[in-house]
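If you want the building blocks of each chain, they are given just below.
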Amino acid sequence: MTDKTEQKLKELKIELPAVTESVKNYIHTKRTGNLLYVSGQLCFGPDGKIPPRYVGKIGSTVSAEDGYAAARLCLMHVLGHARLALGSLDAIKECVRLGGFVNAEPDCTDLAAVMNGASDAIVEILGERGRHSRTTIGVATLPLGSCVEVEAILEIAAS
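The numbering scheme is per chain: residues are counted from 1 as the chain's sequence reads. Confidence filtering applies because this is a predicted model: local features only for residues at pLDDT of at least 70, side-chain atom pairs given and counted only at 80 or more, and all residues used for totals across whole chains, interfaces and linings. Derived side-chain values reflect all non-hydrogen atoms in the structure, with water molecules and hydrogen atoms excluded from consideration.

**Some points on the pattern of salt bridges**
Thinking step 1. For this analysis, a salt bridge means a side-chain nitrogen from Lys or Arg found within 4 Å of a carboxyl oxygen belonging to Asp or Glu. Under the defined criterion, the tally for this structure stands at six salt bridges.
Thinking step 2. When the shortest N-O distance is used, the salt bridge between Lys 93 and Glu 155 registers 3.7 Å. Taken together, the positions of Lys 93 in strand 3 (residues 92-103) and Glu 155 in strand 5 (residues 148-156) put the pair 62 residues apart, joining distant regions of the chain.
Thinking step 3. For Lys 93, a relative accessible area of 47% corresponds to the partly exposed category.
Thinking step 4. In this structure, Glu 128 and Arg 131 form a salt bridge, with 3.6 Å as the shortest nitrogen-oxygen distance.
Thinking step 5. The rule is simple: take the accessible area with a 1.4 Å probe, protein chains only, and divide by the maximum for that residue type; under 20% is buried, over 50% is exposed, in between is partly exposed. A residue is classified by how much of its surface remains accessible, and Glu 128, at 62% relative accessible area, is exposed.
Thinking step 6. Judged by its relative accessible area of 53%, Arg 131 is exposed. Secondary structure elements follow DSSP: runs of H or I of four or more residues count as helices, runs of E of two or more count as strands, with numbering from the N terminus.

Set out below in structure tokens:
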């Protein structure tokens, strides 16, 4: 059986980041019933660090365009953890909700434009299964100075 979502990733030339199980008291994913909750993910690069252009606040030190790219990268980590938890991204029936936290200046109004990086990516990868509800919240700071963090609620297909 072909994994259609993995094939789509190859077509789009997207390689999901390598992710691991959490070693902390919280876990990256939690399944309850037919829902998979994916904890907030940061925009780590391949070296395990947040690229400097994604550190800081939208509206001053980070552009909305770089924030968009960072949100897209966060979404790749969300999907990497979903794949680790489920074994296959084809197990995702649909994305129910994405949540975005944007490290922004108090007067910044580009929050939605930043979060579109994650929204556009999940629809690009999952098609109609990726269409979702969404919340985007501006915050004063995020871990490691990241400009954005993305979480998800995914509905899992019956097995």
